[in-house]
Amino acid sequence: MVSFSFVRKILVITALASVVAADARNWNPTGQGCVDTDGFLSCYQSRVDDAVGCVKACNSTTKAGTELNQNCILGCNGAWLAGNIGCWIQGCWNQVYSCEYQMAAISYFSDLDLVQNANVPFYPPPDNAAAGACSCNLGYVWGNKTYTNTNMACLNVAANGNRDALNACQCCQFSFPLSNIFNVCPTSDLSLFGIDNEIAAARKLIEQSNDNCAILETSPDTCVTELGFPYAGTKIVNLLNLPTGIPGSDPLVNNPGNAFTDFGSPSYTLSLFPSYSTVIKPAAFNTKAGAGTQTVSGTITGQASGSVSAVNTVSAPGTPSTGSGSGTAAAASPTKTSDATRKHVGFCVVFLVLLSGLI
């Protein structure tokens, strides 16, 4: 068994009195099972070097500490995180359904304060992902964890003045994201996402129910058909009466093998916010490549949060799967992820204006 722990989150450039703060850790720091391990690791290091150069350019063109300077550095963060996605497409595309790749995508969305969308290729994995896939579809977990509710059903119920009806509506409203998560990954250890805190926060919003949110057990269809909340899966989970074993404790692990063994195209153009675009030549398939059973743990709660550790429990690659990749993103249904929106447009514009031609 090989174990390692690391924190690679904050790059401090002391001489310039500037900080690039991004959760830009490499979730697969040894390049285990990649089609091009050396190229993958070298790519990640190059992204660090690019971030250093980017901050130098920001500080040479703007005054340190000003809003303009901070927006410029935020642009460096964005390019760093987007570039990390490119490293996977270049040197580890055979593992794009793995826990580690999904966490790289989640780090990108989380640190840039973006609502999850289908712009990151192969994320989230399709429902039928098997070889080389994470035991839990983390894209679906993150999409529900960060879901922004726009359903005003409970406001309409409140207008009628019936407190019991309002409590029941709120049971539906504040339970569905976690219920969806537990339908997708009922036995997985989701402490990586602070699941216990999520449950506690949701419970506080519904604990005023005088019947223990009975609607979720006796009339769950009401939440969907009458109130319009996007529950997904085969059952609705009542957070005030959680079934035994939920949340789960099974470690997040990868199935042996490869997502596919043929990328399907000699090149791929990756375009991501903030205005990051590059043409990637995916490495040739390596018959020795393939994800072993790897356990992933740590914390992902937003920018510059926590540390991470991972344990490889199988060193030999699994049997490669057959098939090819399409080079397109595998989008999930709206009930499992969120609609795409972009924030921090301002820093993107500043980043482009200040750094054009400098790096």
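Residues numbered from 1 in each chain as written. Predicted model: local features only at pLDDT ≥ 70, side-chain atom pairs only at ≥ 80, totals over all residues. Heavy atoms only, no water.

## Digging into the overall build of the protein chain
Thinking step 1. Regarding its fold elements, the protein chain presents ten helices and eight strands.
Thinking step 2. Counting the 359 residues in the protein chain, one finds 52% classified as buried.
Thinking step 3. For the protein chain, restricting intrachain contacts to residue pairs at least 6 apart in sequence, the fraction spanning at least 24 positions comes to 77%. (Helix = DSSP H or I, 4+ residues; strand = E, 2+ residues; numbered from the N terminus. Buried < 20%, exposed > 50% of the residue type's maximum accessible area, 1.4 Å probe, protein only. Contact = heavy atoms within 4.5 Å.)

## Brief notes about the pattern of salt bridges
Thinking step 1. Per the stated rule, a full pass over the model turns up two salt bridges.
Thinking step 2. A salt bridge links D50 to R47; the shortest N-O distance between them is 2.8 Å. With D50 and R47 both in helix α1 (residues 37–61) and three residues apart, this pair spans about one turn of that helix.
Thinking step 3. Taking relative accessible area as the criterion, R47 reaches 17% and is therefore assigned buried.
Thinking step 4. When the shortest N-O distance is used, the salt bridge between K145 and E198 registers 2.5 Å. You can see K145 sitting in helix α4 (residues 138–145) and its partner E198 sitting in helix α7 (residues 195–206), a full 53 residues away along the chain. (Salt bridge = Lys/Arg side-chain N within 4 Å of Asp/Glu carboxyl O.)

## A look at the layout of surface pockets
Thinking step 1. Quantified by volume, the second largest pocket comes out at close to 290 Å³.
Thinking step 2. Taken together, 14 residues form the lining of the second largest pocket, with K145, Y147, F174, P177 and E198 sitting closest to its centre.
Thinking step 3. Residue assignment for the lining of the second largest pocket shows that the elements contributing at least two residues are α4, α6 (163–184) and α7.
Thinking step 4. Sorting elements by how many residues they give to the lining of the second largest pocket places α6 first, with six residues.
Thinking step 5. Residues of the lining of the second largest pocket, tallied by class, amount to nine nonpolar, three polar and two charged. (1 Å grid on protein atoms, 1.4 Å probe; cavity = no way out; pocket = protein on both sides within 12 Å on 5 of 7 lines; lining within 4 Å. Points joined across faces, edges and corners; volume = space filled by probe spheres on them. Nonpolar A, V, L, I, M, F, W, Y, C, P; charged D, E, K, R; others polar.)

## Quick word on unusual backbone geometry
Peptide bonds are mostly trans, and most non-glycine residues show a negative phi.
Thinking step 1. The omega torsion across I246 and P247 is 0°, close enough to zero to call that bond cis.
Thinking step 2. Here P247 is to be found in the loop between α9 (220–226) and β4 (252–253).
Thinking step 3. Cis peptide bonds are those with omega within 30 degrees of zero, and the linkage from F273 to P274 qualifies with 5°.
Thinking step 4. Summarising the element assignment, P274 is placed in the loop between β5 (268–272) and β6 (276–280).
Thinking step 5. If you check the backbone angles, F122 has positive phi at about 65° while not being a glycine.
Thinking step 6. Take F122: it is sitting in the loop between α3 (99–111) and α4.
Thinking step 7. Looking at F122, the relative accessible area reads 2%, which means it is buried.

## Here's the deal with the packing of α1 against helix α2 (residues 67–91)
Thinking step 1. Packing of α1 against α2 leaves a shortest axis separation of 9 Å and a crossing angle of 165°. Relative to α2, α1 is oriented roughly antiparallel. Pair α1 / α2 crosses with right-handed handedness. Residues G39, F40, C43, Y44, R47, V48, A51, C54, V55, C58 and N59 of α1 form the contact with α2, whose participating residues are N69, C72, I73, C76, W80, G83, N84, C87, W88, Q90 and G91. (Axes fitted to C-alpha atoms, helices over the stretch in contact; angles between N-to-C directions. Parallel < 35°, antiparallel > 145°, perpendicular 65-115°, else oblique. Left-handed = near helix turned anticlockwise from the far one by under 90°.)

## Here's the deal with the confidence of the model for the protein chain
Thinking step 1. Summing up the model confidence of the protein chain, the mean pLDDT is 80 and the portion of residues at 70 or higher is 74%.
Thinking step 2. The lowest-confidence element of the protein chain is strand β8 (residues 308–312), averaging 26 in pLDDT; the highest-confidence one is β5, averaging 97.
Thinking step 3. Throughout residues 1–20 the model reports pLDDT below 50, and contacts reaching past four residues in sequence, or to other chains, amount to 61 contacts. (pLDDT = per-residue confidence, 0-100.)

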